Amino acid sequence: MKSILFGLGALALLVAQPIQAKYIDKNKAFNLCKSEVKSEYLGASRYRLTRIKDRGQGFKVQFMLYYPEGNQKVTCELNRYSGVKTLTAL
């Protein structure tokens, strides 16, 4: 009986790992959005985080980009489950 319960517990852990791997937390959202902003908006001397808002389906991450000719705000919306990123220049 114990071996059956142990086997079911191990199976549950194996199934739970891929489900948790798809979930994106706040730190991962920041890193994904920052790399996307850096690849899309070249030439900025600094990429500064202004805010992260945790929404139901995802995150809204705002950056301030510093260029020699002026500053620009960029918003990255990231879906928590699919990982789809949308960039918007403000």
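Structure shown above.
First things first, this report covers the structure right here in the doc.

### Digging into the sheet that holds strand E3 (residues 70-79)
Strands sit in the order E1-E2-E3-E4 across an open sheet of four strands; the sheet is antiparallel. Of all strands in the sheet, those bounded by a partner on one side alone are strand E1 (46-54) and strand E4 (85-89). Recorded for the sheet is a direction-independent mean angle of 20 degrees between the axes of neighbouring strands. Across eight bridges, E1 lies against strand E2 (residues 58-67) in antiparallel orientation. Residue pairing across strands places Asp54 opposite Phe59, the latter belonging to E2.

### Describing the state of the cysteines
In protein chemistry, a disulfide is the covalent bond that joins the sulfur atoms of two cysteines. All chains considered together, the criterion is met by one disulfide. Paired by a disulfide, Cys33 and Cys76 hold their sulfur atoms 2.2 Å apart. Around the S-S axis, the bridge from Cys33 to Cys76 shows a dihedral of about -65 degrees and counts as left-handed. Residue Cys33 is located in helix H2 (residues 26-40), and its partner Cys76 is located in strand E3; the two are separated by 43 residues in the primary sequence. Residue class for Cys76 comes out buried when judged on its relative accessible area of 0%.

Calculation criteria
- Residues numbered from 1 in each chain as written.
- Predicted model: local features only at pLDDT ≥ 70, side-chain atom pairs only at ≥ 80, totals over all residues.
- Heavy atoms only, no water.
- Pairing = 2+ DSSP bridges.
- Helix = DSSP H or I, 4+ residues; strand = E, 2+ residues; numbered from the N terminus.
- Axes fitted to C-alpha atoms, helices over the stretch in contact; angles between N-to-C directions.
- Disulfide = S-S within 2.5 Å.
- Buried < 20%, exposed > 50% of the residue type's maximum accessible area, 1.4 Å probe, protein only.

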